[in-house]
Number of protein chains: 2
Amino acid sequence: MDQERPLRERLIDVGAELVMSEGTGALGLREIARRAGVSHGAPRRYFPTHHSLLSAIARRGFADLGERFAQVAAGARNSTPRDRVRAIGCAYVGYALEHPGMFELMFRHDLLDSAGQDPSEEPRLRESTLPLFALLVALAGRCGAEEPSVTAAALWANLHGVAQLWLWGSLPLVLGENRAAGVERLVDAAVAAHLGGAPA
Amino acid sequence: MDQERPLRERLIDVGAELVMSEGTGALGLREIARRAGVSHGAPRRYFPTHHSLLSAIARRGFADLGERFAQVAAGARNSTPRDRVRAIGCAYVGYALEHPGMFELMFRHDLLDSAGQDPSEEPRLRESTLPLFALLVALAGRCGAEEPSVTAAALWANLHGVAQLWLWGSLPLVLGENRAAGVERLVDAAVAAHLGGAPA
DNA sequence: GCAGCTAGTAGACACTGTCTACGCACGCTG
DNA sequence: CAGCGTGCGTAGACAGTGTCTACTAGCTGC
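Because the structure is predicted, anything quoted here is derived from the model rather than measured.

About the thresholds
- Residues numbered from 1 in each chain as written.
- Chains lettered and ligands numbered in written order.
- Predicted model: local features only at pLDDT ≥ 70, side-chain atom pairs only at ≥ 80, totals over all residues.
- Heavy atoms only, no water.
- Salt bridge = Lys/Arg side-chain N within 4 Å of Asp/Glu carboxyl O.
- Helix = DSSP H or I, 4+ residues; strand = E, 2+ residues; numbered from the N terminus.
- Buried < 20%, exposed > 50% of the residue type's maximum accessible area, 1.4 Å probe, protein only.
- Contact = heavy atoms within 4.5 Å.
- Buried area = accessible area lost by both parts, 1.4 Å probe.
- Polar contact = N/O pair within 3.5 Å; in protein donor to acceptor, adjacent residues only side chain to side chain.
- Nonpolar A, V, L, I, M, F, W, Y, C, P; charged D, E, K, R; others polar.
- Near = heavy atom within 4 Å.
- Core = buried A, V, L, I, M, F, W, Y, C linked by side-chain atoms within 4.5 Å.
- Least-squares fit on C-alpha atoms with pLDDT ≥ 70 in both.

*Asks:* In this structure, what is going on with the pattern of salt bridges? I would like to understand it.
*Replies:* Opposite charge on two side chains lets them pair, provided their charged atoms get close. Counted according to the given criterion, the structure contains 26 salt bridges over all chains. Where E9 of chain A meets R60 of chain A, a salt bridge forms, and the shortest distance between an N and an O atom there is 3.9 Å. Here E9 of chain A, found in helix α1 (residues 7-22), pairs with R60 of chain A, found in helix α3 (residues 50-75); they are 51 residues apart in sequence, far enough to count as distant. A salt bridge links E98 of chain A to R68 of chain A, with the nearest nitrogen and oxygen atoms 3.0 Å apart. Remark: R68 of chain A occurs in helix α3 and E98 of chain A occurs in helix α4 (residues 81-98); sequence separation between them is 30 residues. With a relative accessible area of 22%, R68 of chain A lands in the partly exposed category. Among the ionic contacts, a cluster of salt bridges with common partners joins E104, R108 and D110 of chain A together with E104, R108 and D110 of chain B.

*Asks:* Is there a simple way to think about the interface of chain B and chain A in this case?
*Replies:* It is common to give the size of an interface as the accessible area lost on bringing the parts into contact. Residue-level contacts link 39 residues of chain B with 39 residues of chain A. Looking only at chain B, the three residues that lose the most surface to chain A are R126, L165 and W168 of chain B, adding up to 22% of its buried area. Applying the counting rule to chain B against chain A returns four salt bridges. Linking R108 of chain B and D110 of chain A is a salt bridge whose minimum nitrogen-to-oxygen distance equals 3.5 Å. Between chain B and chain A we count eight residue pairs in polar contact (both at pLDDT 80 or more) in total. Top contributing element to the side of chain B that touches chain A by residue count: helix α7 (residues 148-168) of chain B, with 13 residues. Its residues assigned to classes, the side of chain B that touches chain A shows 21 nonpolar, eleven polar and seven charged.

*Asks:* Could you clarify how one ought to interpret the protein's contact with DNA strand D in this entry?
*Replies:* In the vicinity of DNA strand D, 16 residues are found, and the nearest of them are L29, R30, R44 and T49 of chain A together with Y46 of chain B. Atoms of DNA strand D within 4 Å of the protein: sugar and phosphate make up 53%, bases the balance. R30 of chain A places a side-chain nitrogen or oxygen 2.3 Å from a base nitrogen of DNA strand D. At 2.5 Å from a phosphate oxygen of DNA strand D is found a side-chain nitrogen or oxygen belonging to T49 of chain A.

*Asks:* Which parts of the structure should I look at to understand the nonpolar core?
*Replies:* Burial of nonpolar side chains together is a common tendency in soluble globular proteins. Judged by nonpolar contacts, the single largest core of 118 residues is most densely connected at I57 and L105 of chain A together with I57 and L105 of chain B. Ignoring anything within four residues of it in the chain, the contact list for I57 of chain A reads I12, G15, A16, V19, L27, I32, M102 and L105 of chain A.

*Asks:* Which parts of the structure should I look at to understand the relation of the copies chain B and chain A?
*Replies:* One copy of the chain maps onto the second through a rotation about an axis and a displacement along it. When chain B is fitted onto chain A, the two copies agree to an RMSD of 0.0 Å after a turn of 180° and an axial shift of 0.0 Å. As the rotation angle and translation indicate, the two copies are arranged about a two-fold axis. Counting the interface residues of chain B, we find that 100% of their copies in chain A are interface residues as well, pointing to one common contact surface.

*Asks:* Quick question: what am I supposed to make of the protein's contact with DNA strand C here?
*Replies:* Around DNA strand C sit 17 residues, and of these Y46 of chain A together with L29, R30, R44 and T49 of chain B come closest. Measuring from a base nitrogen of DNA strand C, one finds a side-chain N or O atom of R30 of chain B at 2.3 Å. Measuring from a phosphate oxygen of DNA strand C, one finds a side-chain N or O atom of R34 of chain B at 3.4 Å. Counting residues per element, the surface near DNA strand C draws most heavily on helix α2 (residues 29-36) of chain B, at three residues. Looking at the surface near DNA strand C, its residues break down into five nonpolar, seven polar and five charged.

Right, dumping it as structure tokens:
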């Protein structure tokens with residue numbers, strides 16, 4: 001294909017594909033190098049450590065999620081703020097369920113550099129979620145929340161928990177295996193709970 | 001100490017201490033064996049695989065959490081169902097923040113046998129959460145929820161997300177580092193959101 | 001034409017989880 | 001008491017991992 005794409009990018013490509021298809025367990029440094037067609041020492045020139053490569057892959061995950069948010073936000077431009085929150089919530093949980101490996105990686109602080117309290121990591125990975133969160137805060141404000149940032153935080157936590165517990169398997173155990181129905185129900189419940197029950 | 005305690009139990013003891021003090025990364029099979037004072041092959045007699053030992057450790061974590069629930073339930077016996085839910089929520093998130101390593105292990109399906117779709121695991125690990133969940137369902141019903149199981153699931157997801165995102169570091173980033181205040185606020189918000197705003 | 005640098009190779013090292021062969025000490029049987 | 005089997009743990013080998021260190025093609029600019 002495009003063998004000319006620089007190795008640094010190719011490694012991230014390969015890693016992202018790998019984590020989406022096989023999960024975080026398959027993200028060995030040597031495995032990524034193998035699939036990129038280089039020796040196991042090659043990645044070291046661009047990523048000083050295994051964790052820094054995984055961080056770059058996770059960063060792409062957050063970027064993908066951001067794009068997704070932008071798409072649903074654009075698609076629902078002239079609907080109510082509440083419906084846009086709902087759409088974003090579905091996008092968040094949907095992303096997690098469609099790409100469980102990537103979603104897991106994005107929040108596996110033990111695999112990422114961000115855990116190391118090392119502020120050298122250029123834009124800290126955690127902080128790359130701030131724009132997404134800001135969007136939620138703004139929408140919460142437009143929905144009339146008294147403390148938009150608290151409401152947005154609570155809502156985010158709710159969505160995150162839905163995604164995580166569904167992937168973990170306890171929610172399907174409790175609500176039935178039908179994913180679309182169960183998730184929609186829980187996202188609706190989360191939005192209604194934190195933004196007020198009135199769907200109008 | 002009690003060197004007479006059977007090795008199987010001692011391994012779980014050591015593993016639980018280890019994951020609480022050093023985190024999941026320190027839970028190597030050989031490391032546990034070392035700290036228990038036996039050779040690296042010894043655990044194999046009781047746990048056929050590394051994951052099965054970790055599953056046993058996680059099972060103890062769930063048992064601890066269950067005890068904690070029982071304590072707060074007993075302590076708040078004659079308060080309103082709503083306050084009991086609140087107490088349980090604080091217990092859940094509190095456990096996660098006090099023992100982040102153990103909490104992480106309990107939900108790391110890639111480290112546990114439960115992921116393997118292998119139903120041989122005696123009482124499946126996931127299902128050991130069912131009694132705790134049932135307690136929440138009962139309380140939700142007594143609070144007047146229309147669909148107690150859905151409300152309980154949504155509430156659990158909310159609490160779980162709070163714990164996870166706080167540990168991950170994004171919630172402190174957004175709400176400030178003050179743990180007690182931030183967590184209490186979010187737990188209150190979750191209970192109020194899913195059980196209705198009226199504190200009575 | 002040759003120095004210098006960049007990108008990638010290849011081997012070593014300590015470490016991991018799994019597997020297998022081997023002993024040691026105990027209790028039961030004759 | 002002698003002998004044996006069995007449960008419990010040891011010790012070594014094996015493939016695989018992430019990191020580190022030499023080393024080498026191939027290109028650049030002088």
